[in-house]
Amino acid sequence: MYNEKVMDAFKNPKNVGEIENPDGIGTVGNESCGDIMQISLRIENDVITDAKFKTFGCAAAIATSSTATEMIKGMTIEEALKVTNKQVIETLGGLPAQKIHCSVLAEEAIKLAIDNYREKQAK
Ligand code: FES
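This is a predicted model, so every value here is computed, not measured.

Trainee: Looking at this structure, I do not really get the overall build of the protein. What am I missing?
Mentor: Secondary structure assignment for the protein yields five helices and three strands. When the elements of the protein are put in sequence order from the N terminus, they spell out α-β-β-β-α-α-α-α. The dimensions of the protein, computed from C-alpha atoms along their principal axes, are 45 × 25 × 25 Å. Looking at the protein as a whole, 44% of its 123 residues are labelled buried. Long-range contacts, defined as pairs at least 24 residues apart, comprise 61% of the intrachain contacts of the protein with a sequence gap of at least 6. Carbon and sulfur atoms provide 51% of the accessible area of the protein, an area that totals close to 6,400 Å². Measuring between centres, the 14 positive side-chain charges of the protein sit 2 Å from its 18 negative side-chain charges.

Trainee: Can you help me understand the side chain of Asn30 in this one?
Mentor: Turning to its location among the elements, Asn30 is positioned in the loop between β1 (24–29) and β2 (36–44). Of the polar contacts made by the side chain of Asn30, one reaches the side chain of Ser32; its length is 2.7 Å. Apart from residues lying up to four places away in sequence, Asn30 is in contact with Asp35, His101, Cys102 and Leu105.

Conventions used here
- Residues numbered from 1 in each chain as written.
- Predicted model: local features only at pLDDT ≥ 70, side-chain atom pairs only at ≥ 80, totals over all residues.
- Heavy atoms only, no water.
- Helix = DSSP H or I, 4+ residues; strand = E, 2+ residues; numbered from the N terminus.
- Buried < 20%, exposed > 50% of the residue type's maximum accessible area, 1.4 Å probe, protein only.
- Contact = heavy atoms within 4.5 Å.
- Areas by Shrake-Rupley, 256 points an atom, 1.4 Å probe, with all protein chains shown as cover.
- Lys, Arg positive; Asp, Glu negative; His and termini not counted.
- Charge placed at Lys NZ, Arg CZ, Asp CG, Glu CD.
- Polar contact = N/O pair within 3.5 Å; in protein donor to acceptor, adjacent residues only side chain to side chain.

Nothing here speaks to function; it is all geometry.
In structure tokens:
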């Protein structure tokens, strides 16, 4: 069902865990399956210097979160907000159609974590 790249990202996920005292954190649930994803970010001068994820999710959710967190490290928050689940899927060489909804978790959690960072900055 999954290609080799996806299987590799699932078996050897990067950035698993939670950043202590994160600058931004976001948690989302997937309505279609009930799975949950949390992304925490370290942000310095609007640049994402570290990103970690925790999920109660399937192989596709783990593979896409690992890839998405790798992609956004080193990006500005503006750049990271433009990263879509489609780009993450392309980087992974594709996902089965019934697993596309899983890839949305990472994109949404990143957006929420950046929102959370901005809220904290505004205080
Ligand atoms: Fe729930 Fe994939 S089935 S995230």
